[in-house]
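Notes for the structure review
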Amino acid sequence: MARWCYRHRLVVLVLWAGAVFGLVAGGSAAGTDYSNVFSLPDTDSSEALDLMEKAFPESSGDTDTVVWKVDEGSVRDAAVRSRIEPALEEIGRMAGVGAVSSPYGADGAAQVSRDGTIAYAQVTFTEQANSVELAVIEDVVDTAQGAERAGLTVELGGQAIARTQELPMGTAELVGIVAAAIVLFLTFGSLFAMLLPLVTAIAGVASGLMSTTLLSHVTDVPEVAPLLATLIGLGVGIDYALFIVTRHRRGILRGMAPEDAAVTALNTSGRAVLFAGGTVCIALAGMLVMNMDFLNGVVVATSLTVVLSVLAAVTLLPALLGVLGTRVLSRRQRRRLAATGPEPKESAGLAARWAAFVQRRPRGTAAVAVVVMAVLAIPVFSLRLGASDQGNLPESTTTRQAYDLLAEGFGPGFNGPLQVVVEGDAPTGLVRAIESTEGVARVAAVPPANGVSVIQVVPTTSPQSAETDQLIDRLRDDVIPQAGVDAHVGGVTAVFKDFATVTGDRLPYFVATIIALGFLLLLVAFRSLVVPLTAAVMNLVAAAASFGVLVAVFQWGWGSEALGFGAEGPITSFLPVIMLSLLFGLSMDYQVFLVSRMHEEWEHTKDNARAVRVGLAETSRVINSAALIMISVFAAFVLSGDTEGAMAGIGLAAAVALDAFILRTALVPAAMYLLGRSNWWLPKGLDKRLPHLAVEPAEEPAAAEGPASVVHGFVRTADGGPVEGASVTLLSSGGRRLDHVTALADGSYILAVPAPGTYLLATTAPRYGSRAAHVTVADGPLTHDVELAGHQVDAVN
């Protein structure tokens, strides 16, 4: 397929352009129909919601609040009324506004605080918040705040008003893409190579988002789903293309024709991308174990975007590679390739030095990594699930200031009232019992409607406080049963509490499911029990540490205001499920790319230390580059203006950073050094029963005319001691260098042979001179030991 896409690149580009523009046109014409369904079946709040819908079957539009405060005097003063009343009347006449309830009306006394310094009016729009025209909302804000004067403050709150504070759509995505572009340019040093992953990822994400828009008309898709789909789609889309482009460029630099390099890249890294994308989708599908309607839409949106991102990487990307040809290399690389010929297959630089350092000090490296992860995980023991509201927004926003004014004038519980719902008339005894309950500030019984009574209960504490959760439990477990009434506690605060409770109860089953799936996938891929077991432990460690960072920033408030996140509060209840799914999938990506190279080296040499060292040296740079890109994309979603988006962005950025830079680069290789050959142990009986899955087959040499092989052995002194750092080179019969390595501490070396034949093996080392010998390689590996003596004649130079 890769060769077909490469050769028929214009056809592929036209098909992709038509698909993307067609989906964009269709999605734009159809519009969105997102729905947030937080209620859960068989919970008390869902039964209360059902009764509320029976009492008020015609749902009105979104209700927002205008709040004002005077520094001196009372809000009832004529000077204040003369400014506020005309503004409220003007708002009431606006198109799109259904009604305005003023505290200056006959029934408005309850809308003025006891000290008379704060009052509020409720503005009811004719439609829900997302359907109200933004221009109408802005007119409401401008008109209300136009009534301000010295000593009179006017603020507005509510879902519709919050839309005026959102950054322009696409700001977070644009910042993430720009940051990713910088990392890609520094990685490749080529403008064209930098653009390839960006174009591929944007095509996958755009088609995924527009498909999600269309699906929102036929199934429930929550409003946060497109944000999460964009976040994960950009991350994996750019990373997957990065892995393929890196392998493609490596092939060209080693002498392959661009078409052959593209085919080889797709047959190696492309297969790993398919495997990695499949694991991400499996991890996302694990959310279905939670049996929550709200999460089902998230699974659809994110999985669809990941699938289309993978499809773009394996079809659109080879077509783009065909358009660029050798221009995928920088000018300097093309000049060097023309002047000096193909470069050898060797690992050097910082990555190789780090791999050698970890090999020399595996215990110390592992100990430091474990301590860092353990310290970061400490806050996770304080994790409390709940829901964010406008009290968590930055202090500079009008919605946050309106929230604070209402809490100041009417108590912190005013922003999150509870509804006790009962069929028939509300018994007087129940109302009195609720009034006398600890934690209740005010109680108001609403007249029955359609045979259902609603008792409004205002807690003494804020919606997010643990005391409010305790009040809900107290009403359900003690007050209502003792009154002998069949009543249910509902309201937004109760719904989110039930959501958090159900999430916490089901979370262990979800974690067990995705860990088990990951274990089985890695077991089949690498035919080892220890490798998948290590990966499972690492995933749990990474999750604990990343949630620790999340708790410290958002729940404890460490720097949240300074970073522009607003006041501290509980972690959004659905976030652990989504983060664990994404973290599992991304961790599997890095584990696959790292361990597959180690496994390949192990199959060649059966030397665990060399396998780990070579695998780490050759993959750590691309893994770290991919991690930097994901961190940039995820962190940019702090600018989304959405609290859940900011939490997900910070949490996932921290998770990727810890996973790539500490776990996969330090702790995993250190642990594998210490475990030795047991890394690759698998019972023979199990080995026969497992299916064979080649994640990333060995790359085929460009000029191979027969089966590839290796020459390996040891470089030793005359008395049998190892010669560390000896330079070993394989030359063709015509003198062209084919491979070059440096002997390890034990004197071992391994060289790749392109095909059976006779070659020249040259070995040189300081203080020992050099030695050259012809070696004849048949179909299998050749063992050839080299002996160097002091002051030997330099037979090479």
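So, here's what we can say about the structure. Predicted model, so just to flag it, every value in this text is computed and none were measured.

**Notes on the sheet that holds strand 6 (residues 418-423)**
Strand order across the open sheet formed by four strands is 7-8-6-9, with antiparallel pairing between neighbours. Edge strands, defined here as strands with exactly one partner in the open sheet, are strand 7 (440-449) and strand 9 (487-490). Averaged over all neighbouring strand pairs, the angle between strand axes comes to 20°, with direction disregarded. In the sheet, strand 7 pairs with strand 8 (residues 452-459) via seven bridges, with the strands oriented antiparallel. Bridging across to strand 8, Val443 finds its partner in Val457.

**Brief notes about the environment of Gly204**
In this fold, Gly204 is placed in helix 8 (residues 191-215). Setting aside anything within four residues of it in sequence, one finds Gly204 in contact with Thr305, Leu308, Ser309 and Ala312.

**Some details on a positive patch on the surface**
A cluster of basic residues, Arg331, Arg332, Arg335 and Arg336, forms a positive patch on the protein surface. Positionally, Arg335 belongs in helix 12 (residues 331-340). Look at Arg335 and you get exposed, because its relative accessible area is 55%.

**A short note on unusual backbone geometry**
Of note in the backbone geometry, Asn450 takes a positive phi value of approximately 55° without being a glycine. By the secondary structure assignment, Asn450 is in the loop between strand 7 and strand 8. Its identity is not glycine, yet Arg527 carries a phi of approximately 50°, on the positive side. With respect to the helices, strands and loops of the structure, Arg527 is situated in the loop between helix 18 (492-526) and helix 19 (530-555). For Arg527, a relative accessible area of 14% puts it in the buried group.

**Re empty space enclosed by the protein**
Under the counting rule described, the total for this entry stands at four cavities of 30 Å³ or more. Taken as a whole, the second largest cavity encloses approximately 80 Å³ of empty space. If you trace the second largest cavity, you find it lined by Val511, Ile514, Ile515, Asn539, Leu540, Ala543, Leu580, Leu583 and Phe584. Listing elements by their share of the lining of the second largest cavity, those giving two or more residues are helix 18, helix 19 and helix 20 (575-605).

**Here we look at the packing of helix 10 (residues 258-285) against helix 20**
Contact geometry for helix 10 and helix 20: axes closest at 8 Å, N-to-C directions at 160°. When the interaxial angle is binned, helix 10 and helix 20 end up roughly antiparallel. Crossing angle aside, the handedness with which helix 10 passes helix 20 is right-handed. Contacts from Ser269, Ala272, Val273, Phe275, Ala276, Thr279, Val280, Ala283 and Leu284 of helix 10 reach helix 20 at Ser581, Leu582, Phe584, Gly585, Leu586, Met588, Asp589, Val592 and Phe593. Each residue belonging to the contact of helix 10 with helix 20 can be placed in one class, and the counts come to 13 nonpolar, four polar and one charged.

**Some thoughts on the pairing of strand 11 (residues 709-717)**
Successive residues of a regular strand alternate their side chains across the two faces of the sheet. Taken together, the six bridges between strand 11 and strand 14 (residues 748-753) define a ladder with antiparallel strand orientation. Directly across from Val710, in strand 14, lies its bridge partner Ala752. Sheet topology places strand 11 next to strand 17 (residues 782-783); two bridges connect them, and they run parallel. If you follow His712 over to strand 17, its bridge partner there is Thr783.

**Looking at the side chain of Arg476**
The residue Arg476 is located in helix 17 (residues 466-483) in this model. For Arg476, a relative accessible area of 18% translates into the label buried. Only 2.9 Å separates the side chain of Arg476 from the side chain of Asp44, close enough to count as a polar contact. Among the polar contacts listed, one links the side chain of Arg476 to the backbone oxygen of Val489, at a separation of 3.1 Å. Setting aside residues no more than four positions away along its own chain, Arg476 makes contact with Asp44, Ser45, Pro481, Val489, Ala494 and Asp498.

**Topic: the environment of Leu730**
Of note, Leu730 is situated in strand 12 (residues 727-731). By relative accessible area, which is 0% here, Leu730 ends up buried. In the structure, Leu730 is positioned 11 residues away from Val741 in sequence and 9.1 Å away in space, judged by C-alpha atoms.

**Here we look at the pattern of salt bridges**
Scanning the model with the defined rule gives 11 salt bridges in all. The partner of Asp44 in a salt bridge is Arg476, with the nearest N and O atoms 2.9 Å apart. Within this pair, whereas Asp44 is found in helix 3 (residues 44-55), its partner Arg476 is found in helix 17, the two being separated by 432 residues in sequence. When sorted by exposure, Asp44 lands in the same class as Arg476, which is buried. In this structure, Asp469 and Arg384 form a salt bridge, with 3.7 Å as the shortest nitrogen-oxygen distance. Remark: Arg384 occurs in the loop between helix 14 (362-377) and strand 5 (385-386) and Asp469 occurs in helix 17; sequence separation between them is 85 residues. With relative accessibility at 28%, the residue Arg384 sits in the partly exposed group. Among the charged side chains, a network of salt bridges with common partners joins Arg3, Arg7, Glu259 and Asp260.

Procedures and definitions
Residues numbered from 1 in each chain as written. Predicted model: local features only at pLDDT ≥ 70, side-chain atom pairs only at ≥ 80, totals over all residues. Heavy atoms only, no water. Pairing = 2+ DSSP bridges. Helix = DSSP H or I, 4+ residues; strand = E, 2+ residues; numbered from the N terminus. Axes fitted to C-alpha atoms, helices over the stretch in contact; angles between N-to-C directions. Contact = heavy atoms within 4.5 Å. Patch = residues over 30% accessible without salt bridge, like charges linked within 9 Å, V, L, I, M, F, W, Y side chains within 5 Å. Areas by Shrake-Rupley, 256 points an atom, 1.4 Å probe, with all protein chains shown as cover. Salt bridge = Lys/Arg side-chain N within 4 Å of Asp/Glu carboxyl O. Lys, Arg positive; Asp, Glu negative; His and termini not counted. Charge placed at Lys NZ, Arg CZ, Asp CG, Glu CD. Buried < 20%, exposed > 50% of the residue type's maximum accessible area, 1.4 Å probe, protein only. 1 Å grid on protein atoms, 1.4 Å probe; cavity = no way out; pocket = protein on both sides within 12 Å on 5 of 7 lines; lining within 4 Å. Points joined across faces, edges and corners; volume = space filled by probe spheres on them. Parallel < 35°, antiparallel > 145°, perpendicular 65-115°, else oblique. Left-handed = near helix turned anticlockwise from the far one by under 90°. Nonpolar A, V, L, I, M, F, W, Y, C, P; charged D, E, K, R; others polar. Polar contact = N/O pair within 3.5 Å; in protein donor to acceptor, adjacent residues only side chain to side chain.

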